[in-house]
Amino acid sequence: MSENTWHGIIHATLKAHDVKLVPYVPDNVLRPLIERIHADPYFTAFACTREEEAVGIAAGAWMGGMRAVVLMQTSGFATLANVLASLPVPFQIPVLLLVSERGTLGEFNIGQALVARTMRPVLDSIAIEHHTLTRLDEVEFTVDRTIRQAVATQQPACLILSPLLTGRKVFK
Amino acid sequence: MNNQPATRNTAKPVARFDITQRLVAKLHHDEAVIGGIGHTNFDLWAAGRRPQNFYMLGSMGLAIPIALGVAIAQPQRRVIALEGDGSLLMMLGCLTTIGARQPENLIIVVMDNGTYEITGGQPTASSQGADLAAIARGAGIANSAWAADETHFETLVDQALATPGPHLIAARLTQAKPAGQTERDPAQIRDRFMRGLGTKG
């Protein structure tokens, strides 16, 4: 059984669904998950130069028979509207996105706060299923069901990690 | 020419549809081909439908990342990305990811006509000094070369299909209209491609 942390539960749930490939753009909140994944030889994980690139890699891997999850932070998600609307959505490729949410609940950078407001409207406008993880006791259920639905419906999905869950440090 | 590697300046401009046909004719092991947007994938389509071809519609610049994903998922299959110069310039960083990972089964073919041809022929940086094969070498893709002419292009393709990659082959193109136009049915394109890769029954 996995350690009872958000990153321990997500790590175990990804494995339970055969998600093996993890292209990511680094983020400090995601660091414990990234470190776990790098330490586990089950996964192939590497940093990409842009989030768009990582989405392309995940889409190609799915078509080649390997499941992937793309890790990024909010500002990186904001670069993705074009590729989401022209690759995974119309081609029906279940690319899984995991976004650590900056820009709210103690943000110190106005740019992050503004860009964060674009995320959910973009997801809603191109009909991408998304859920915000706020509680530890709901992480396994939500991640599990989101992956199942993405695969079954052949559509991308996005999981947002709220500071309520990750306890991101605030600026003092 | 035999003693000096070709550069963009010395490479003979070749016709995109002609070299696309020459490339496809060499694919005998169900190699996957990812066609980047625009005339690059129009000519791939016109060169003959193969279930192992994926035709992008939008997501400019992602032919190489998509090919890398396929190459990671299927290490026994060779995967070829066909990408235009304008598209590659939009996603140059992906060459450094390839350089860092060194996928042995990945081949990149850059179709460099020096222009954004489909939008009216505006010049790209590659027609003004940017050497995409040199950039790829600098990114860590040591086997990056300009095709001096059609015959040399075929030689480079033969080498890339026979030796561990990653490989990058850059071809300088003449200005030419594409020989066809890809059908725009993304779900069907993806479904056929997955059947061609054996990932959907």
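Above this note sits the structure.
Here the structure is a predicted model, which is why all the values come from computation and not from measurement.

## Quick word on the interface of chain A and chain B
Here is step 1: Each side of the interface is counted separately: chain A has 26 residues, and chain B has 28 residues.
Here is step 2: Listing elements by their share of the side of chain A that touches chain B, those giving two or more residues are strand 2 (44-47), helix 3 (51-63), helix 5 (81-86) and helix 6 (88-91) of chain A.
Here is step 3: Broken down by element, the residue count for the side of chain A that touches chain B peaks at 9 residues, all from helix 3 of chain A.

## Thoughts on the sheet that holds strand 4 (residues 96-100) of chain A
All names here are of chain A.
Here is step 1: As summarised here, the arrangement of the 6 strands in space is 2-1-3-4-6-5, forming an open sheet in which the pairing is parallel. Lying at the two open borders of the sheet, with one neighbouring strand each, are strand 2 and strand 5 (129-133). Direction aside, the axes of adjacent strands within the sheet are offset by 20° on average.
Here is step 2: Bridge count between strand 1 (residues 19-24) and strand 2: 4 bridges; the pairing is parallel. Across the sheet, Leu21 pairs through a bridge with Thr44, a residue of strand 2.

## Considerations on unusual backbone geometry
Across the chain, the bulk of peptide bonds are trans and the bulk of non-glycine residues have phi less than zero.
Here is step 1: Cis geometry is adopted by the peptide bond preceding Pro166 of chain B, which originates at Gly165 of chain B and carries an omega value of 10°.
Here is step 2: For Pro166 of chain B, the position within the fold is in the loop between helix 7 (150-162) and strand 8 (167-172).
Here is step 3: Its identity as a non-glycine residue notwithstanding, Leu105 of chain A has a phi of 55°, on the positive side.
Here is step 4: Its 11 C-beta neighbours within 10 Å are what place Leu105 of chain A among the exposed residues.
Here is step 5: Phi is positive for Ser59 of chain B, close to 45°, though the residue is something other than glycine.
Here is step 6: Look at Ser59 of chain B and you get buried, because 26 C-beta atoms sit within 10 Å.

## Overview of the packing of helix 1 (residues 16-25) of chain B against helix 7 of chain B
Residues and elements named next belong to chain B.
Here is step 1: Remark: helix 1 packs on helix 7, axes separated minimally by 10 Å, with the N-to-C direction vectors making an angle of 35°. Crossing of helix 1 against helix 7: the hand is right-handed. Across the interface between the two elements, Asp18, Ile19, Arg22 and Leu23 from helix 1 touch Glu150, Phe153, Glu154 and Val157 from helix 7.
Here is step 2: Taken together, the residues that form the contact of helix 1 with helix 7 break down as 4 nonpolar, no polar and 4 charged.

## Topic: the sheet that holds strand 1 (residues 32-35) of chain B
All names here are of chain B.
Here is step 1: Here we have 6 strands laid out as an open sheet, ordered 2-1-3-4-8-7, and parallel in their pairing. Unpaired on one side and paired on the other, strand 2 (53-55) and strand 7 (143-146) mark the two borders of the sheet. For this sheet the average axis-to-axis angle between neighbouring strands, irrespective of direction, equals 15°.

Rules used throughout
- Residues numbered from 1 in each chain as written.
- Chains lettered and ligands numbered in written order.
- Predicted model: local features only at pLDDT ≥ 70, side-chain atom pairs only at ≥ 80, totals over all residues.
- Contact = placed C-beta atoms within 7 Å.
- Helix = DSSP H or I, 4+ residues; strand = E, 2+ residues; numbered from the N terminus.
- Pairing = 2+ DSSP bridges.
- Axes fitted to C-alpha atoms, helices over the stretch in contact; angles between N-to-C directions.
- Buried ≥ 20, exposed ≤ 12 C-beta atoms within 10 Å, placed from the backbone.
- Left-handed = near helix turned anticlockwise from the far one by under 90°.
- Nonpolar A, V, L, I, M, F, W, Y, C, P; charged D, E, K, R; others polar.

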